[in-house]
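Here's the letter readout for the chains.
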Amino acid sequence: MLWLSFILLVFILFLVIRPKSKKIDSFFNSEEIEAESFNAVNLKSLVERKKWQKLGASILTTLRVLGPRSSVWASFYVVLSVAASWYIVITLLMIENKALVVGLSCVFIFAGYRSLVTKRRRDFENTFPDALNILMSAVSAGDSLMQAIIYVGDVMDNAIGREFKRMGDRFKLGESPDVILHRACKTYPYPEFLFFTVTIRANIARGGQLKGVLARLIRVLVESRTLEKKKMAMTSEARISAKIVAMIPVIFMLLLNYINPENIDFILHDPSGRGLLYYVVGSEFLGLFIVWLLVKGVRA
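Residues numbered from 1 in each chain as written. Predicted model: local features only at pLDDT ≥ 70, side-chain atom pairs only at ≥ 80, totals over all residues. Heavy atoms only, no water.

Within an unreviewed UniProt entry, the label attached to the protein chain reads Flp pilus assembly protein TadB, and the organism entered is Vibrio caribbeanicus ATCC BAA-2122.

Spelled out as structure tokens, the structure:
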């Protein structure tokens, strides 16, 4: 029963992970981009990176949300996750299974990583429209696209501003726009940024009024954020109800620990009681996952 609950949890976490590299590569010719990479910009650009290297780069990019001491905070969280897993499995449940400790630690680490990914996404959604406004203002003032991107990088002191600054530096070095935009999409694999890069590529290749295109893009982003807030407001009651229902077993176990500790000992230490505990934990995670799917599937 324990391993069945753990396998169910791993399956749920696997469904949450969605690779975005294939979506990005569909808008760019990867072979041409690799052929046009310059040694003066990045000596490692001519060497194809392995999957574990790409995964490490993605994790390091996400950890930058923690600030300049991201490695220290990440190490502290990993140690805390291992200590909490050891206490829950070995001390509280009295299960002498090191593999379960490792598995629970991985669950805690993955949950923390997902929270950082969510925070990074929210920061992007809050700052990217401002970057587009500044870019449109610079283009309206008569600056070229490269000068406008450099100006955004100089004005904005945040993650999206630093990415625009890197893009501007690569433009100065004469790197191909496809290479620059493709690398930027690897850093921000979001539909809004991908649409922005496709718009820039089309403007460079065919010309046209970039100001009007950026204005329409900003309007679409603002409307999308408004719809997202509306969706969260419409589903707030269901989400709060699900959280309350999920907390009821925990609250009753805490109350029962003071009222009748023998029943808690039966659930935690007796083999028959542990089966009931594993069933409750698995049901809780499955129910929360179903609610998450329902909320995510809402379309305003």
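Engineer: Just give me the short version of the overall build of the protein chain, but keep the residues and values in it.
Structural biologist: Along the protein chain, the regular secondary structure elements total 14 helices and zero strands. Secondary structure elements in the protein chain, listed N-terminal to C-terminal, are α-α-α-α-α-α-α-α-α-α-α-α-α-α. Once local pairs closer than 6 in sequence are excluded, the contacts in the protein chain between residues at least 24 apart make up 65%. As presented, the protein chain carries roughly 19,100 Å² of accessible surface, and 65% of it is formed by carbon and sulfur atoms. (Helix = DSSP H or I, 4+ residues; strand = E, 2+ residues; numbered from the N terminus. Contact = heavy atoms within 4.5 Å. Areas by Shrake-Rupley, 256 points an atom, 1.4 Å probe, with all protein chains shown as cover.)

Engineer: Please give an account of helix α13 (residues 261–269) that cites residues and values.
Structural biologist: In an α-helix, one full turn covers 3.6 residues, which means residues spaced three or four apart are oriented alike. Listed in full, the buried residues belonging to α13 are I264, I267 and L268. Burial along α13 is one-sided: seen end-on, the buried residues are contained in an arc of 90 degrees. (Buried < 20%, exposed > 50% of the residue type's maximum accessible area, 1.4 Å probe, protein only. Arc of directions from axis to C-beta.)

Engineer: Give me the nonpolar core: which residues, what numbers.
Structural biologist: Ranked by internal contacts, the top residues of the largest apolar core, which has 32 residues, are F128, L132, I160, F164, F193 and F196. Where this core is concerned, the elements lending two or more residues are α6 (98–140), α7 (145–155), α8 (159–172), α9 (177–187), α10 (191–206) and α11 (210–234). Looking at this core, the element that brings in the most residues is α6, giving eight residues. The contacts of F193, once residues within four sequence positions are left out, are F124, F128, I160, M167, A184, C185 and Y188. Membership of the second largest hydrophobic core comes to eleven residues, among which are I90, V101, L268 and L277. (Core = buried A, V, L, I, M, F, W, Y, C linked by side-chain atoms within 4.5 Å.)

Engineer: Give me the lowdown on the UniProt feature "transmembrane region" (unreviewed entry) in the protein chain, citing residues and values where you can.
Structural biologist: UniProt marks residues 72–92, 99–116, 240–256 and 276–295 with the feature "transmembrane region" (unreviewed entry), using the numbering shown here. For residues 99–116, the helix share is 100%, the strand share is 0%, and the end-to-end C-alpha distance is 26 Å. (UniProt positions renumbered as here; feature names shortened; annotations may be inferred.)

Engineer: Would you mind going over the packing of aromatic side chains in detail, with residue names and values included?
Structural biologist: Going through the model one piece at a time under the given rule, you end up with ten aromatic pairs. With a centroid separation of 5.9 Å and an interplanar angle of 50 degrees, the aromatic rings of F164 and F196 are classed as tilted. Placement of F164 in helix α8 and of F196 in helix α10 is noted, with a sequence separation of 32 residues between them. Of the two residues examined, F164 and F196, each falls in the buried class. Between the aromatic rings of Y188 and Y190, the centroid separation amounts to 6.2 Å while the plane-to-plane angle is 55 degrees, which identifies the pairing as tilted. Overall, the relative accessible area of 5% leaves Y188 in the buried class. Chaining the aromatic ring pairs together yields one cluster made of F124, F128, F164, Y188, Y190, F193 and F196. Sitting over the ring of Y188, R120 keeps its end group 4.6 Å from the ring centre. The aromatic ring of Y190 is capped on one face by R121, whose charged end is 4.6 Å from the ring centroid. (Phe/Tyr/Trp six-rings, centres within 6.5 Å; stacked < 30°, edge-to-face > 60°. Lys NZ or Arg CZ within 6 Å of the ring centre and 35° of its normal.)

Engineer: Can you lay out the packing of α6 against α7 for me, pointing to particular residues and giving the numbers?
Structural biologist: Between two packed helices, what matters for the description is the angle formed by their axes and the separation of those axes. Close contact between α6 and α7 brings their axes to 9 Å; oriented N to C, the two are set at 135 degrees. Considered as vectors, α6 and α7 are oriented oblique to each other. Helix-helix and strand crossings are classified by hand; for α6 and α7 the assignment is right-handed. Contacts from A131, I134, L135, A138 and V139 in α6 reach A148, I149, Y151, V152 and V155 in α7. Within the contact of α6 with α7, the residues separate by chemical class into ten nonpolar, no polar and no charged. (Axes fitted to C-alpha atoms, helices over the stretch in contact; angles between N-to-C directions. Parallel < 35°, antiparallel > 145°, perpendicular 65-115°, else oblique. Left-handed = near helix turned anticlockwise from the far one by under 90°. Nonpolar A, V, L, I, M, F, W, Y, C, P; charged D, E, K, R; others polar.)

Engineer: Describe the pattern of salt bridges, naming the residues involved and giving the relevant values.
Structural biologist: Evaluation of the coordinates by the stated rule reveals seven salt bridges. Across the pair R183 and E175 runs a salt bridge, and its minimum N-O distance is 2.7 Å. Neither residue differs from the other here; R183 and E175 are each classed as buried. The shortest N-O distance in the salt bridge between R201 and D178 comes to 2.8 Å. Of the two residues, R201 sits in helix α10 while D178 sits in helix α9, which places them 23 residues apart along the sequence. It is possible to trace a salt-bridge network through shared partners that takes in R121, E125 and E192. (Salt bridge = Lys/Arg side-chain N within 4 Å of Asp/Glu carboxyl O.)

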